[in-house]
Amino acid sequence: MHTAATAPVVFDRSQLADLRLIPPIEKYPKLVLFAQTGVGKITVWGLFVLGLWYFFRTPLEWVPITVSLLLITVLPKWRWNLVAACTLATTAIETRSLYFLAAIAVGALLFWCARQWPDSEFSQRPIAYLVVGCTLLIVVCSTIPRNANSYLPAWRAVGLATTYLWFVGYALMDRTAIVKKDLTLELGTFHPFWGSTNTPFPKGAAYLRRIEAKDDEQLAVTRLKGLKLLAWAILLALFNTLWTFFFHKYLHIPWARQVLAASVHRGPYPWYICWESQVLSFFEFLLQITVFGHWVIASCRFAGFNALRNTYRPLSAVTVIEFFNRFYYYFKELLVDFFFYPTFFRYFKKHPRLRLVAATFAAVAFGNMFFHFTRDYWMIPRVGFVNAIVNFQVYAFYCVALATALSISQLRRRKTPHLGFLRGRAFPAVWVIFFYCVLDVFGSTERNYPLVEHFRLLGHMFGVNF
Amino acid sequence: MDHRGTVRQFVERLLAKKGDKKGFNDGDSLFLSGRLQSVDAVEVVIFLEEEWGVDFAKIGFEMSLIDSVDSILALRQHTEVPG
């Protein structure tokens, strides 16, 4: 047996560590040199936009980003102006209107005011003003009768305000940034053409300035990293499709929403099916966030900005706080930048533990709630302001529970980091996954069932029926 | 130990806690490169408050201020505690 005779006798663990599904192409010198040539740039661009097609359903969605990336590839010196112009053009095509310009104009005005009067109360605490202003806008619009002429325009204004809220927030934070800044750069980051949710990917213009490729070699490396990340996103998306087919179509394991609905209607699935569904739901959400974050950050990298991944090896997290950090990086950064730091720097400085807990609650409880309540503003005209708050009880509970867990996780320093693989990494990682699976019973953003129904399902999963 | 040595030792300890034992130069990015996270920034902030009395509520905070050993040392101009 020739193969057996030549096989290595001793297993080399470093070989396993070096095993990669996608090779580190950005580390191949010849490829990096090729990516800097004219033909190389167009080839890499072609491969990238071909891969990007996987994530878009129609040419109308695919063409703007494809053209934007081509322009930036051909004219890298004009990158910032092109990012701004392409962002405006892409948003206009996607929304098929120019209403969004109003939100950008307001954002630009606030940015200008904050820089013009740096000693004013607004300039000192712009984020607080932004949050209060958005809240007031929602409250005022809630009082407008449904049959009034101003009803639809008012709620459209709320929609724009909530969509651009955090982008404007980052622009206001950038007012004091050390790096060069101007209004054009800020505009390009308001829902950039490479994609975003209400969470800015990746943060504001000052951040982009710091991570942009500074020379041709860096640009080539950043683009190749983008291409690699996109390939990874496609692989994970294909895996997600197989996963869904296997578990939900072939094995017929119900979706988490079906399990919850069955429990609410007093016909719960057996407890082990509920667990299966809950665990699957956790991994499915993880996959969705990972795939989305990967292709958005891949496009951002292709535009010349070496942004960190949105999701980075979350399953290797050994603490609750580490998972939170690795799972949805830019949302976590939003909470930290807008809520955690302002609280941490201002309050309870003489009480270190209280200071940490207060800042964590400001971010993960209040900030998280505020973000999701304003993101789902459309519930308010549908059910009314008070009912919208009442219907938010489950997610509010989720936020408080998560803030509590994260506070404990931060206060409990791991004192024994050298416990070996099983006790040091595997068991804690499984515990973290278990914790988030259980918490996710309350994590869905559905607004139909009261908190007690989520507790009923959780109790059933642990064999306690009430 | 001089200030540079103190800061380097602190950063080394912070990285080691995350299992990062790779070396670093004084100008190397720690946060923007992803080696340290915003939760680690809290420890840096507390260190600077205790060591040099830096008050970020007054000077304003952004990650680039503490992104490298060099940038942390540059913060000494905001020192309130002598020494």
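Quick notes on the rules
Residues numbered from 1 in each chain as written. Chains lettered and ligands numbered in written order. Predicted model: local features only at pLDDT ≥ 70, side-chain atom pairs only at ≥ 80, totals over all residues. Heavy atoms only, no water. Helix = DSSP H or I, 4+ residues; strand = E, 2+ residues; numbered from the N terminus. Rg over C-alpha atoms; globule rule 2.2 N^0.38 Å. Buried < 20%, exposed > 50% of the residue type's maximum accessible area, 1.4 Å probe, protein only. Contact = heavy atoms within 4.5 Å. Areas by Shrake-Rupley, 256 points an atom, 1.4 Å probe, with all protein chains shown as cover. Lys, Arg positive; Asp, Glu negative; His and termini not counted. Charge placed at Lys NZ, Arg CZ, Asp CG, Glu CD. 1 Å grid on protein atoms, 1.4 Å probe; cavity = no way out; pocket = protein on both sides within 12 Å on 5 of 7 lines; lining within 4 Å. Points joined across faces, edges and corners; volume = space filled by probe spheres on them. Nonpolar A, V, L, I, M, F, W, Y, C, P; charged D, E, K, R; others polar. Buried area = accessible area lost by both parts, 1.4 Å probe. Salt bridge = Lys/Arg side-chain N within 4 Å of Asp/Glu carboxyl O. Polar contact = N/O pair within 3.5 Å; in protein donor to acceptor, adjacent residues only side chain to side chain. Core = buried A, V, L, I, M, F, W, Y, C linked by side-chain atoms within 4.5 Å. Phe/Tyr/Trp six-rings, centres within 6.5 Å; stacked < 30°, edge-to-face > 60°. Lys NZ or Arg CZ within 6 Å of the ring centre and 35° of its normal. Expected span 1.5 Å × (residues − 1).

Asker: Quick rundown of the overall build of chain A? Include the residues and the values.
Answerer: Scanning chain A from N- to C-terminus turns up 23 helices and zero strands. Over its C-alpha trace chain A gives a radius of gyration of 24 Å, about what one expects of a compact globule, namely 23 Å for 466 residues. The C-alpha extent of chain A, read off along each of the three principal axes, is 85 × 65 × 50 Å. Scored against the burial criterion, the 466 residues of chain A give a buried share of 51%. Taking contacts inside chain A between residues at least 6 apart in sequence as the whole, the part at least 24 apart equals 71%. Total accessible area on chain A is roughly 23700 Å²; 67% of this is exposed by carbon and sulfur atoms. Looking at chain A, you have 46 positive and 23 negative side-chain charges, and the mean spots of the two groups are 4 Å apart.

Asker: I'd like a description of the overall build of chain B, backed by residues and values.
Answerer: Scanning chain B from terminus to terminus reveals four helices and zero strands. Ordering the α and β elements of chain B from the N terminus gives α-α-α-α. A globule of 83 residues ought to have a C-alpha radius of gyration of about 12 Å, and chain B, at 12 Å, matches this closely. Judged by the C-alpha coordinates and their principal axes, chain B covers about 35 × 25 × 20 Å. Taking all 83 residues of chain B together, 49% fall into the buried category. In chain B, the share of contacts with a sequence separation of at least 24, taken over all contacts with a separation of at least 6, comes to 52%. On chain B, roughly 4000 Å² of surface is accessible, and the fraction owed to carbon and sulfur atoms is 48%.

Asker: Outline empty space enclosed by the protein, listing residues and values.
Answerer: For the coordinates displayed, the defined rule picks out five cavities of 30 Å³ or more. The space that makes up the largest cavity amounts to roughly 150 Å³. What lines the largest cavity is a set of 14 residues, among which I321(A), V336(A), F340(A), Q410(A) and V39(B) lie closest to the centre. Going through the elements one at a time, helix 16 (320-327), helix 17 (329-346), helix 18 (352-375) and helix 21 (393-411) of chain A together with helix 2 (38-52) of chain B are the ones with two or more residues in the lining of the largest cavity. Along the walls of the second largest cavity sit K203(A), Y207(A), Y329(A), E333(A), F31(B), L32(B), L36(B), Q37(B), S38(B) and M63(B), which together make up its complete lining. Classifying every residue of the lining of the second largest cavity gives six nonpolar, two polar and two charged.

Asker: So what's going on with the interface of chain B and chain A? Which residues, and what values?
Answerer: Taken together, the contact between chain B and chain A spans 22 residues of the former and 22 residues of the latter. Taking both sides of the interface into account, the surface hidden between chain B and chain A amounts to around 1700 Å²; carbon and sulfur atoms contribute 60%. Summed over the shared surface of chain B and chain A, the number is three salt bridges. With a shortest N-O distance of 2.0 Å, R210(A) and E62(B) are connected by a salt bridge. Between the two partners, chain B and chain A, sit eight residue pairs in polar contact (both at pLDDT 80 or more). Element by element, the count of residues in the side of chain B that touches chain A is highest for helix 2 of chain B, at eight residues. Grouping the amino acids of the side of chain B that touches chain A by side-chain chemistry returns twelve nonpolar, five polar and five charged.

Asker: Give a description of unusual backbone geometry that names residues and reports values.
Answerer: Residues and elements named next belong to chain A. In this chain, F201 is followed by P202 through a cis amide linkage whose omega measures -15 degrees. Position of P202 among the secondary structure elements: in the loop between helix 11 (183-188) and helix 12 (205-211). Phi angles above zero are rare outside glycine, and R313 is one such case at about 45 degrees. Tracing the sequence through the fold places R313 in the loop between helix 15 (271-302) and helix 16.

Asker: Residues and numbers for the nonpolar core, please.
Answerer: Counting residues in hydrophobic clusters, the biggest one holds 159 residues, and the most contacted among them are Y436(A), L48(B), F56(B) and I66(B). Those residues in contact with F56(B), other than ones at most four positions away along the chain, are F345(A), V45(B), L48(B), F61(B), L65(B), I66(B) and L75(B).

Asker: Residues and numbers for the environment of T374(A), please.
Answerer: Residue and element names in this part refer to chain A. Turning to its location among the elements, T374 is positioned in helix 18. Taking C-alpha positions, T374 is 18 Å from V400, a pair spaced 26 residues apart along the chain. Once residues lying within four places of it in the same chain are set aside, the contact partners of T374 are C134, I138 and T162. Separated by 2.8 Å, the side chain of T374 and the backbone oxygen of F370 make a polar contact. For T374, the side chain forms a polar contact with the main-chain oxygen of F371, separated by 3.0 Å.

Asker: Talk me through the pattern of salt bridges; I want residue IDs and the actual numbers.
Answerer: All names here are of chain B. Summed over all chains, the structure comprises 21 salt bridges over all chains. Among the salt bridges present, the one from R4 reaches D70, with a minimum N-O distance of 2.9 Å. Of this pair, R4 sits in helix 1 (residues 3-17) while D70 is found in helix 4 (residues 69-74), placing the two residues 66 residues apart along the sequence. D70 gets classed as partly exposed once you look at its relative accessible area, which sits at 35%.

Asker: Help me get a handle on the packing of aromatic side chains, residues and values and all.
Answerer: Aromatic ring pairs are reported here in terms of the distance separating the ring centres and the angle at which the planes meet. Tallied over the entire structure, the rule returns 58 aromatic pairs over all chains. On the basis of an interplanar angle of 45 degrees and a centroid distance of 4.9 Å, the ring pair of F345(A) and F61(B) is categorised as tilted. Taken together, the positions of F345(A) in helix 17 and F61(B) in the loop between helix 3 (56-59) and helix 4 put the pair across two chains. Residue F345(A) is classed as buried on the basis of its relative accessible area, which comes to 6%. Over the face of the ring belonging to F24(B) we find R8(B), whose NZ or CZ atom lies 4.2 Å from the ring centre.

Asker: Break down helix 7 (residues 100-116) of chain A for me, with residues and values.
Answerer: Look at helix 7 of chain A: 24 Å from first C-alpha to last across 17 residues, which is about the 24 Å you get at 1.5 Å a residue. Residues of helix 7 of chain A that are buried: F100(A), A103(A), I104(A), G107(A), A108(A), F111(A), C113(A) and A114(A).

Asker: Tell me about helix 16 of chain A, and name the residues and values.
Answerer: Of all the eight residues making up helix 16 of chain A, seven are buried; the element is thus mostly covered by neighbouring parts of the structure. Those residues of helix 16 of chain A not exposed but buried are V320(A), I321(A), F323(A), F324(A), N325(A), R326(A) and F327(A).

Asker: Please provide a residue-by-residue account of the environment of A426(A), values included.
Answerer: Residue and element names in this part refer to chain A. Its location among the elements puts A426 in helix 22 (residues 420-439). Exposure remark for A426: the relative accessible area of 19% places this residue in the buried category. Remark: the alpha-carbon pair of A426 and T143, spanning 283 residues in sequence, is separated by 53 Å.

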